[in-house]
Amino acid sequence: MKIGLIDVDGHHFPNLALMKIANYHKQQGNTVEWVNYFAKYDKVYQSKVFTFTQDIDSAIQANEIIKGGTGYKLYHDLFCDDTEPDYSLYPQYSAAYGFLTRGCVRNCTWCIVPEKEGSIRAYRDIETVLQGRKAAIVMDNNVLASAHGLQQLEKIADLKCKVDFNQGLDSRLVTDEIAKLLSRIKWIRFIRFACDTTSAVSPLLSALEKLNKYGVKNYRIFVYLLVKDVTEANERCKILKKLGVNPFAQTYRDYDNNILPTDEQKRFAWYVNQKMVFKATEWEEYKR
Ligand code: SF4
């Protein structure tokens, strides 16, 4: 069989599902390639991660087209989820990609994870994810909420591989013991948290205090900052700025694209995310 793949919107990140599908079909003896719109395929897999990105509008010549991903609001488990990814699809990336746990114990109103993945559960071992690579981008939603996740963090520290939990850690779960464990890990660049509401500030500050105690400096901390009410988001941002951590503003939009970011929200996010501008000026001056 001739298999075609389309990564609709993942231009800065490898698509894990497509890498698994590629490996699965290669193991079946099928040929797998990125879709050439002039060629004909037995089967084409089309994956889209975000609901707000543009879909492709080119005609695809295939006997069967299978769409998948959050971008199409298709949340079913991947048929070949146990297959390891085929990294040859994305030779420009040297890290491994994967999950150690799936799901989350929380139920934040703006988040699709509880609906998509359910409660937290053990999923993989870090060595299975690494496949011999020296660094891993781990996409867990709440690794600190899982006993398996914590065991894996211990293993990561012992293996001395580099990691980035790119979805952020839950600051509410950072105890003294966990802060000590996090300080032993080799981070690719940042330890990431989220501070999406005013009520998230206090647990974040508490987590930072514990991490500082074990030698983690604030410039190694990256904080996702959800932007709904700009004045309120700016108050959170000022606290983070004073501490010397790195906020990253994300404007709110719902999954049906009914609520889109306002011009003010987009402008505030741009201000926060342009680090030179952010460091040089305050929002109140910038917005004038
Ligand atoms: S903690 Fe994170 S992953 Fe879990 S529901 Fe909230 S936003 Fe989603």
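Residues numbered from 1 in each chain as written. Predicted model: local features only at pLDDT ≥ 70, side-chain atom pairs only at ≥ 80, totals over all residues. Heavy atoms only, no water.

(A) Looking closely at the domain arrangement of the protein. By the assigned domains, the protein splits into domain 1 (2-72) and domain 2 (94-286). Between the C-alpha centres of domain 1 and domain 2 there is a distance of 29 Å. Taken together, the contact pairs seven residues of domain 1 with 14 residues of domain 2. Carbon and sulfur atoms supply 65% of the area buried between domain 1 and domain 2, which totals about 800 Å² over both sides. At the boundary of domain 1 with domain 2, the tally comes to zero salt bridges. Counting across the interface, domain 1 meets domain 2 through two residue pairs in polar contact (both at pLDDT 80 or more). Among the residues making up the side of domain 1 that touches domain 2, the classes are represented as four nonpolar, two polar and one charged. (Domains from an automatic or database assignment. Contact = heavy atoms within 4.5 Å. Buried area = accessible area lost by both parts, 1.4 Å probe. Salt bridge = Lys/Arg side-chain N within 4 Å of Asp/Glu carboxyl O. Polar contact = N/O pair within 3.5 Å; in protein donor to acceptor, adjacent residues only side chain to side chain. Nonpolar A, V, L, I, M, F, W, Y, C, P; charged D, E, K, R; others polar.)

(B) Representation of the sheet that holds strand β12 (residues 221-227) in the model. Ordered by their spatial adjacency, three strands build an open sheet running β11-β12-β13, and the pairing between neighbours is parallel. Since the sheet does not close on itself, it has two edges, and those belong to β11 (191-194) and β13 (246-251), each with one partner. Pairs of neighbouring strands in the sheet enclose a mean axial angle of 25°, with direction left out of account. Of the pairings in the sheet, the one linking β12 to β13 comprises six bridges and is parallel in character. Of the residues in β13, the one forming a bridge with Leu 226 is Gln 250. Taken strand by strand, helix α7 (residues 230-243) contacts β12 and β13, and its axis lies near 170° from that of β12. (Pairing = 2+ DSSP bridges. Helix = DSSP H or I, 4+ residues; strand = E, 2+ residues; numbered from the N terminus. Axes fitted to C-alpha atoms, helices over the stretch in contact; angles between N-to-C directions.)

(C) Region of interest: the sheet that holds strand β5 (residues 96-98). Read across the sheet, four strands follow the order β5-β8-β9-β10 without closing on themselves; strand pairing throughout is parallel. Unpaired on one side and paired on the other, β5 and β10 (186-187) mark the two borders of the sheet. For strand β8 (residues 135-138) and strand β9 (residues 162-165), the ladder comprises four bridges, and the chain directions are parallel. When the sheet's bridge partners are listed, Ile 137 is paired in β9 with Asp 164.

(D) Quick look at the site of the ligand. The ligand sits among Cys 104, Arg 106, Cys 108, Trp 110, Cys 111, Pro 114 and Asn 141. A breakdown of the residues in the shell around the ligand according to their chemical character gives five nonpolar, one polar and one charged. (Near = heavy atom within 4 Å.)

(E) Just the pairing of β8, in detail. Burial along β8 is two-sided: the face carrying Ala 135 and Ile 137 and the face carrying Ala 136 and Val 138 are both buried. In terms of strand pairing, β5 meets β8 through three bridges, oriented parallel. Of the residues in β8, the one forming a bridge with Gly 98 is Val 138. Following the backbone out of β8, through helix α4 (residues 147-159) and into the adjacent parallel β9, one traces a crossover that is right-handed. (Buried < 20%, exposed > 50% of the residue type's maximum accessible area, 1.4 Å probe, protein only. Right-handed = clockwise from strand over helix to strand, strands pointing away.)

(F) Highlighting the packing of α4 against helix α5 (residues 176-184). Here α4 crosses α5 at 35°, and the two axes come no closer than 8 Å. In the packing of α4 onto α5, the handedness of the crossing is left-handed. Taken together, the residues of α5 that come into contact with α4 (itself represented by Leu 150, Leu 153, Glu 154, Ala 157 and Asp 158) are Ile 178, Leu 181, Leu 182 and Arg 184. Residue classes in the contact of α4 with α5 are distributed as six nonpolar, no polar and three charged. (Left-handed = near helix turned anticlockwise from the far one by under 90°.)

(G) Representation of the pattern of salt bridges in the model. On inspection of all chains with the given rule, the structure shows 16 salt bridges. The partner of Glu 154 in a salt bridge is Arg 184, with the nearest N and O atoms 3.2 Å apart. With Glu 154 in helix α4 and Arg 184 in helix α5, the pair connects residues that are 30 residues apart, well separated along the chain. Residue classification places Glu 154 among the partly exposed residues on the basis of a relative accessible area of 35%. For the salt bridge of Lys 241 with Glu 282, the shortest nitrogen-to-oxygen distance reads 3.1 Å. Of this pair, Lys 241 sits in helix α7 while Glu 282 sits in the loop between α9 (275-280) and α10 (283-286), and the two are 41 residues apart along the sequence. Relative accessible area serves as the criterion here: at 28%, Glu 282 is assigned to the partly exposed category. Connected through shared salt-bridge partners, Lys 238, Lys 241, Glu 282 and Glu 284 make up one network.

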